[in-house]
Amino acid sequence: MCVTAVESRPGGTSQALKALGEGVGTTQSPARRPFGARAMAFVALTKPRIIELLLITTVPVMFLAQQGVPDLKLVLLTCLGGYLSAGGANALNMYIDRDIDALMDRTSQRPLVTGMVSPREALVFGITLAVVSTLLFGLTVNWLSAWLALGALLFYVVVYTMILKRRTSQNIVWGGIAGCMPVLIGWSSVTDSMSWAPVVLFLVMFFWTPPHYWPLSMKVKDDYARVGVPMLPVIASNKAVAKQIVLYSWVMVGVSLLLTPLGYTGWFYTAVALAAGGWWLWEAHALLNRAKAEATGGKLKEMRLFHWSITYVSLLFVAVAVDPFLR
């Protein structure tokens, strides 16, 4: 289980260059690696801030599947399994991308770049989390959820990180499939089956991912250009990227409204989806207008949509959880 939402915290170029000079993933001496800092470094390998967003899309779907409050033990086990699975995927992602992470300002403080964790340690840690999470899901939740979680992990690590990321500008479009899987896992953990409701929410997240990620990519496109990763903003103009953002945004909002006519949600979810989706479209078109006016730098304000995208998905999935109680 992984999601393509990312942290926008900047790093430091000097730190990246220092890492290059010392060798990517060079391990610091034991005396320079206190236990507390080492423990926090392993936590950082799992990208916990990203997993927060993952859980926001998992737990509410469990309420929708249950049409009420799901079993608390099941929720906790699903969240734990999801954290371990996503954490394993993220650790393996950092292991594979440690060479370019050292060159990018945004990622220059990651544990493998600073040397707080060695590449071997990160690899073993990631694989261990993958195995433990799969067994945890299978033995305590159900095996459908286990295979979905493992499939998401493998898709993120192999298809996105190893194959797509450095080869195509559509990397985040198709790679984002891994980040859509939590909604399927949330549903299957309760029902041990599939239905149209999680499929619709899967599609919402699929169409959400590019317009969520591309504004950030516009902000840090020099980072991606430096390491040869062909994110869409690297190879296309701001105007062209903003047009794609608007297109995906309209489809996303349209898909989000399908739950009600299909009979899974009522007036509350519909109201939230319309209001939040309407504001999203306003921001997306505003970004397009600024791009058409050839705004650059701070005047482009691309991060407004990036930050709103996180608020949007949070509001939408809270509505998914609350709606069963108002019908």
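The structure under discussion appears in the preceding block.
Residues numbered from 1 in each chain as written. Predicted model: local features only at pLDDT ≥ 70, side-chain atom pairs only at ≥ 80, totals over all residues. Heavy atoms only, no water.

1. As for the overall build of the protein
When you go through the protein residue by residue, the secondary structure sums to 16 helices and zero strands. Relative to the compact-globule value of 20 Å for 327 residues, the protein shows a C-alpha radius of gyration of 20 Å, a close match. Taken along the three principal axes of its C-alpha coordinates, the protein extends 60 × 55 × 30 Å. Burial statistics for the protein: of 327 residues in total, 56% are counted as buried. Counted over contacts in the protein with a minimum sequence separation of 6, partners at least 24 positions apart contribute 79%. (Helix = DSSP H or I, 4+ residues; strand = E, 2+ residues; numbered from the N terminus. Rg over C-alpha atoms; globule rule 2.2 N^0.38 Å. Buried < 20%, exposed > 50% of the residue type's maximum accessible area, 1.4 Å probe, protein only. Contact = heavy atoms within 4.5 Å.)

2. A closer look at unusual backbone geometry
You will see that lysine 47, though not glycine, has its phi angle at about 55°, which is positive. By the secondary structure assignment, lysine 47 is in the loop between α2 (35–45) and α3 (48–66). We note that glutamate 294 has phi near 60°; this positive angle belongs to a residue other than glycine. Mapping glutamate 294 onto the fold places it in the loop between α15 (267–292) and α16 (303–322).

3. Here we look at α3
Under the 1.5 Å per step criterion, the end-to-end length of α3 is 27 Å for 19 residues, consistent within 8% with the ideal 27 Å. Along α3, the positions that sit buried rather than exposed are Ile50, Ile51, Leu53, Leu54, Thr57, Thr58, Pro60, Val61, Met62, Phe63, Leu64 and Ala65. Turning to α3, the residues buried within the fold contact α4 (72–96), α10 (177–191), α11 (196–219) and α16. Phi turns positive one or two residues past the end of α3, at glutamine 67, with a value near 55°. (Expected span 1.5 Å × (residues − 1).)

4. Structural notes on the packing of α11 against α15
Viewed as axis vectors pointing N to C, α11 and α15 meet at an angle of 30°, and their least axial separation amounts to 13 Å. In terms of their interaxial angle, α11 and α15 are classed as roughly parallel. Handedness of the α11/α15 crossing: left-handed. Counted together, Leu201, Trp208, Pro211, His212 and Met218 of α11 and Tyr269, Trp280 and Leu287 of α15 form the full contact between these two elements. (Axes fitted to C-alpha atoms, helices over the stretch in contact; angles between N-to-C directions. Parallel < 35°, antiparallel > 145°, perpendicular 65-115°, else oblique. Left-handed = near helix turned anticlockwise from the far one by under 90°.)

5. Remarks on a nonpolar patch on the surface
Together, Val69, Trp267, Val318, Val322, Phe325 and Leu326 make up an exposed nonpolar region whose accessible area comes to about 590 Å². You can see leucine 326 is positioned in the segment after α16. (Patch = residues over 30% accessible without salt bridge, like charges linked within 9 Å, V, L, I, M, F, W, Y side chains within 5 Å. Areas by Shrake-Rupley, 256 points an atom, 1.4 Å probe, with all protein chains shown as cover. Salt bridge = Lys/Arg side-chain N within 4 Å of Asp/Glu carboxyl O.)

6. Structural notes on the packing of α2 against helix α7 (residues 119–141)
In contact at an axis separation of 11 Å, α2 and α7 are set at 55° when each is read in the N-to-C sense. With respect to α7, the axis of α2 lies oblique. Classified by chirality, the crossing of α7 by α2 is right-handed. Across the interface between the two elements, Arg38, Phe42 and Leu45 from α2 touch Glu121, Ala122 and Phe125 from α7. Looking at the contact of α2 with α7, its residues break down into four nonpolar, no polar and two charged. (Nonpolar A, V, L, I, M, F, W, Y, C, P; charged D, E, K, R; others polar.)

7. What to know about the side chain of serine 217
Counting through the fold element by element, serine 217 comes out in helix α11. Apart from residues lying up to four places away in sequence, serine 217 is in contact with Tyr224, Met231 and Pro233.

No statement about biological role is implied by the geometric values presented.
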